[in-house]
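# What the coordinates show
Each chain is listed here by its residues.
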Amino acid sequence: MTIYDYQVKDVNGKSISLADYEGDLLLIVNIATKCGLASQLMGLESLYQTYQDEGFKVLGFPSNSFMQSPEDGKGAKEACALDFGTTFPMFDKVSVNGPKTAPLFSYLKRASGDGFVKWNYTKFLVDRQGNFVKRYAPTTPPEDIEADIKANL
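Quick look at the structure, then. (Residues numbered from 1 in each chain as written. Predicted model: local features only at pLDDT ≥ 70, side-chain atom pairs only at ≥ 80, totals over all residues. Heavy atoms only, no water.)

### Some remarks on the overall build of the chain
So the rule is basically this: Secondary structure follows DSSP: runs of H or I at least 4 residues long count as helices, runs of E at least 2 residues long count as strands, and numbering of each begins at the N terminus. Buried, partly exposed and exposed residues are distinguished by accessible area as a fraction of the type maximum, computed with a 1.4 Å probe on protein chains only: under 20%, between the cut-offs, and over 50%, respectively. The contact rule is simple, with two residues in contact once any of their heavy atoms fall within 4.5 Å. Two residue types count as positive, namely Lys and Arg, and two as negative, namely Asp and Glu; His and chain ends fall outside the count. The atoms used to mark charge sites are NZ of Lys, CZ of Arg, CG of Asp and CD of Glu.
Per the secondary structure count, the chain includes 4 helices and 6 strands. Mapped in sequence order, the helices and strands of the chain form the string β-β-β-α-β-α-α-β-β-α. Along the longest, intermediate and shortest principal axes, the C-alpha atoms of the chain span 35 × 30 × 30 Å. In the chain, which comprises 153 residues, the proportion classed as buried is 53%. Taking the intrachain contacts of the chain between residues at least 6 apart in sequence as the baseline, contacts between residues at least 24 apart amount to 67%. Of the charged side chains in the chain, 16 are positive and 19 negative; the average position of the first set lies 6 Å away from that of the second.

### Let's talk about helix 1 (residues 40–51)
Counted only if it meets this: Take the number of residues in a helix, subtract one, and multiply by 1.5 Å to get its expected span.
Helix length check: helix 1 (12 residues) gives 17 Å between terminal C-alpha atoms against 16 Å at 1.5 Å per residue, within 8%. By the burial criterion, the buried members of helix 1 are Gln40, Leu41, Gly43, Leu44, Glu45, Leu47, Tyr48 and Tyr51.

### Some thoughts on the sheet that holds strand 4 (residues 56–62)
Using the following cut-off: Whether two strands pair depends on DSSP finding at least two bridges between them. Throughout, an axis means a line fitted to C-alpha atoms (over the contacting stretch in the case of helices), and angles, computed between N-to-C directions, take values from 0 to 180 degrees.
Across the sheet, which stays open at both edges, the 4 strands sit in the order 4-3-5-6 with mixed pairing between neighbours. The sheet is open, and its two edges are formed by strand 4 and strand 6 (132–136), each paired on a single side. Along the sheet, successive strands turn relative to each other by an average axial angle of 20°, direction set aside. Note: strand 3 (residues 25–31) against strand 4, 7 bridges, orientation parallel. Directly across from Leu25, in strand 4, lies its bridge partner Phe56. Docked against the sheet, helix 1 engages strand 3, strand 4 and strand 5 (123–126), running at close to 150° with respect to strand 4.

### Quick notes on the pairing of strand 4
Let me state the cut-off plainly: Crossovers are marked right-handed if the path from the first strand over the helix to the second runs clockwise, as seen with the strands pointing away from the viewer.
Most of strand 4 is tucked away: 7 of the 7 residues are buried. Covered by surrounding structure in strand 4 are Phe56, Val58, Gly60 and Pro62 together with Lys57, Leu59 and Phe61, the residues of both alternating faces. Since strand 3 and strand 4 lie parallel, the crossover through helix 1 that links them has a hand, and here it is right-handed.

### A look at the packing of aromatic side chains
The cut-off we apply is this: Pairing of aromatic side chains requires ring centres within 6.5 Å, counting the rings of Phe and Tyr and the six-membered ring of Trp. Pairs whose planes differ by under 30 degrees are stacked, by over 60 edge-to-face, and all others tilted.
In total, this model carries 7 aromatic pairs according to the counting rule given. For the pair Tyr21 and Phe91, a centre-to-centre distance of 6.5 Å together with 75° between the ring planes defines the contact as edge-to-face. Note that Tyr21 is positioned in the loop between strand 2 (15–17) and strand 3 and Phe91 in the loop between helix 2 (73–84) and helix 3 (103–112), a separation of 70 residues in sequence. Given the relative accessible area of 13%, Tyr21 is considered buried. When its relative accessible area of 3% is taken as the criterion, Phe91 is described as buried. Relative to Phe91, the ring of Phe61 has its centre 4.7 Å away and its plane inclined at 10°; by these criteria the two rings are stacked. Separated by 30 residues along the polypeptide, Phe61 in strand 4 and Phe91 in the loop between helix 2 and helix 3 bring together distant segments of the chain. Each member of the pair, Phe61 as well as Phe91, carries the same accessibility label: buried.

Geometric descriptors of this kind do not, in isolation, establish any biological role.
So this is what it looks like as structure tokens:
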């Protein structure tokens, strides 16, 4: 399996196939608007702006799994754009742990060998073929991922 086997919902509730991103290098991130790490959104946006023309995308998934993103997906997208200038694709709110974990995050946790997302801003790098490459801790600043992005573009 690859991430292309998964469907997600956009902020308007429309089903989107991740196969739409086939050929792109992806950084999938669980975000939270009220988290102390939310300033990472600026670094994620910077990476997106720098490398999007080379086929790199940041995919943001709001999550209230840690009680720090009370808005729905649309509200989280609007807050991130207003407060941090984000333009990268955002999706509907998901659970990243527990019995209601989104299937995409179940896959990413299995693929990374760690079955638990410890906090907001856990990041998963996925290659152009839809395969998991690397997992980054919530505290890993986006700029520390840049070398891996360049190596996989």
